[in-house]
Amino acid sequence: MKTFADRLQSVLDAQKVKQTELAAYLEVSKQAVSGWAKGVTFPNSENLKKIAEFLKVDLNWLVRGVGTYSLVDVLVDKVSESDDHYSPYCLLPVVSKICKDIYDPANEIRRELCDKLTVKSEWFFLQMPDDHCNTGGTKCVKKGDLLLINPVIEDLYPGDLIAIATRSDRQWVRFIQNIGDIAVQLVGGITIKREDIAAMYRVIRVRPAEFGV
């Protein structure tokens, strides 16, 4: 692969990442990413760093074709093939949708390499499905962000960020405004009756924002 465009497209294909997903993460247009992948244009230095971070590839390799393709790639292979429970890494699924059984494997987008010191193997990521949500203050979650979920958390309080799915197959990611035995009120004027809730999980961290919620 002689050019940056070749390397970028090869990584997107290998990781099954759509150009629209990368565009959403970078907050640029799909046309911009398409231009980079075709070799028509070239990203600026800030976007190059973000691309390497998002795709977990070596920046020097991505830009110049020099060095190791990806240290993470080697680690993923080791984690996937090894049964060694002393490995410091684990792979958490990234899903597009939640349900009462946490998630359907058919909704798995990819797997994210994580440090075992900061996550547990039963946790998973939900890729933010909405355009954005916020508290009206400084906390804002954008489409494409990865929402880390601990499915065993049962205590929920006003101000918590939650992922909620209804029995009618609707899904929201919103901050809780009020929570009661009969209904749950979410920021944005959404009220959901308890009997209509199929699944409800508290988000414990957000990538790339990484704020605690």
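Treat the numbers as computed from the prediction; the structure is a model and nothing was measured.

Engineer: I keep staring at the side chain of Thr 166 and nothing clicks. Help me out?
Structural biologist: By the secondary structure assignment, Thr 166 is in strand β7 (residues 161-166). Residue Thr 166 is classed as buried on the basis of its relative accessible area, which comes to 9%. For Thr 166, the side chain forms a polar contact with the side chain of Ser 168, separated by 3.0 Å.

Engineer: Quick question: what am I supposed to make of the nonpolar core here?
Structural biologist: Buried together is how nonpolar side chains tend to be arranged in soluble globular proteins. The biggest cluster of nonpolar side chains holds 20 residues, and the ones touching the most others in it are Leu 8, Leu 22, Trp 36, Ile 51, Leu 55 and Leu 62. For this core, the secondary-structure elements that each account for two or more residues are α1 (4-15), α2 (19-26), α3 (30-38), α4 (45-55) and α5 (59-64). Take this core: its biggest share by element is 5 residues, from α4. Once residues lying within four places of it in the same chain are set aside, the contact partners of Leu 55 are Leu 8, Val 11, Leu 12, Gln 15 and Val 17.

Engineer: What exactly am I supposed to notice about the packing of α1 against α3 here?
Structural biologist: Remark: α1 packs on α3, axes separated minimally by 6 Å, with the N-to-C direction vectors making an angle of 120°. When α1 is examined against α3, the residues Phe 4, Ala 5, Leu 8 and Gln 9 are found in contact with a partner set consisting of Trp 36, Ala 37 and Lys 38. Residue composition of the contact of α1 with α3, grouped by class: 5 nonpolar, 1 polar and 1 charged.

Engineer: Got a minute to help me understand the confidence of the model for the chain in this structure?
Structural biologist: Keep in mind that low pLDDT regions are not for reading the predicted coordinates in detail. Considering every residue of the chain, the mean pLDDT works out to 79; 82% of them sit at 70 or more. Scored below 50 in pLDDT, residues 70-86 shows 17 contacts in the model against residues more than four places distant or in partner chains.

Engineer: Please clarify how α3 should be interpreted in this entry.
Structural biologist: Helical geometry: 3.6 residues make up each α-helical turn, so side chains three or four residues apart lie on a common side. Among the residues making up α3, those that are buried are Val 33, Ser 34, Gly 35, Trp 36 and Ala 37. On its buried side, α3 packs onto α1, α2 and α4. Among the residues trailing α3, Gly 39 stands out with phi positive, at a value near 80°.

Engineer: Would you explain the packing of aromatic side chains in this entry?
Structural biologist: For any pair of aromatic rings, the description rests on two quantities: the centre-to-centre distance and the angle between the ring planes. Tallying each qualifying case throughout the model produces 3 aromatic pairs. Each ring, one from Phe 124 and one from Tyr 201, has its centre 6.1 Å from the other, and the planes form 90°; the classification is edge-to-face. Of this pair, Phe 124 sits in strand β3 (residues 124-127) while Tyr 201 sits in strand β11 (residues 197-207), placing them 77 residues apart in sequence. Across this residue pair, the class does not change: Phe 124 and Tyr 201 are buried.

Engineer: Help me understand the environment of Ile 51, please; the structure alone is not making it clear to me.
Structural biologist: Looking at the element boundaries, Ile 51 is found in helix α4. Here Ile 51 falls in the buried class, since its relative accessible area comes to 0%. For the pair formed by Ile 51 and Ala 23, sequence separation is 28 residues and the distance between their alpha carbons is 9.6 Å. Not counting chain neighbours up to four residues away, the residues in contact with Ile 51 comprise Leu 8, Leu 22, Leu 26, Trp 36, Pro 43 and Leu 62.

Engineer: Would you take a moment to explain the side chain of Asp 160 for this structure?
Structural biologist: Relative to the elements of secondary structure, Asp 160 occurs in the loop between β6 (146-149) and β7. Exposure remark for Asp 160: the relative accessible area of 10% places this residue in the buried category. A distance of 2.8 Å separates a polar atom in the side chain of Asp 160 from the backbone nitrogen of Tyr 157. What Asp 160 contacts, discounting residues up to four positions off in sequence, is Asp 155, Arg 174, Phe 175, Ile 176 and Arg 202.

The rules behind each value
Residues numbered from 1 in each chain as written. Predicted model: local features only at pLDDT ≥ 70, side-chain atom pairs only at ≥ 80, totals over all residues. Heavy atoms only, no water. Helix = DSSP H or I, 4+ residues; strand = E, 2+ residues; numbered from the N terminus. Buried < 20%, exposed > 50% of the residue type's maximum accessible area, 1.4 Å probe, protein only. Polar contact = N/O pair within 3.5 Å; in protein donor to acceptor, adjacent residues only side chain to side chain. Core = buried A, V, L, I, M, F, W, Y, C linked by side-chain atoms within 4.5 Å. Contact = heavy atoms within 4.5 Å. Axes fitted to C-alpha atoms, helices over the stretch in contact; angles between N-to-C directions. Nonpolar A, V, L, I, M, F, W, Y, C, P; charged D, E, K, R; others polar. pLDDT = per-residue confidence, 0-100. Phe/Tyr/Trp six-rings, centres within 6.5 Å; stacked < 30°, edge-to-face > 60°.

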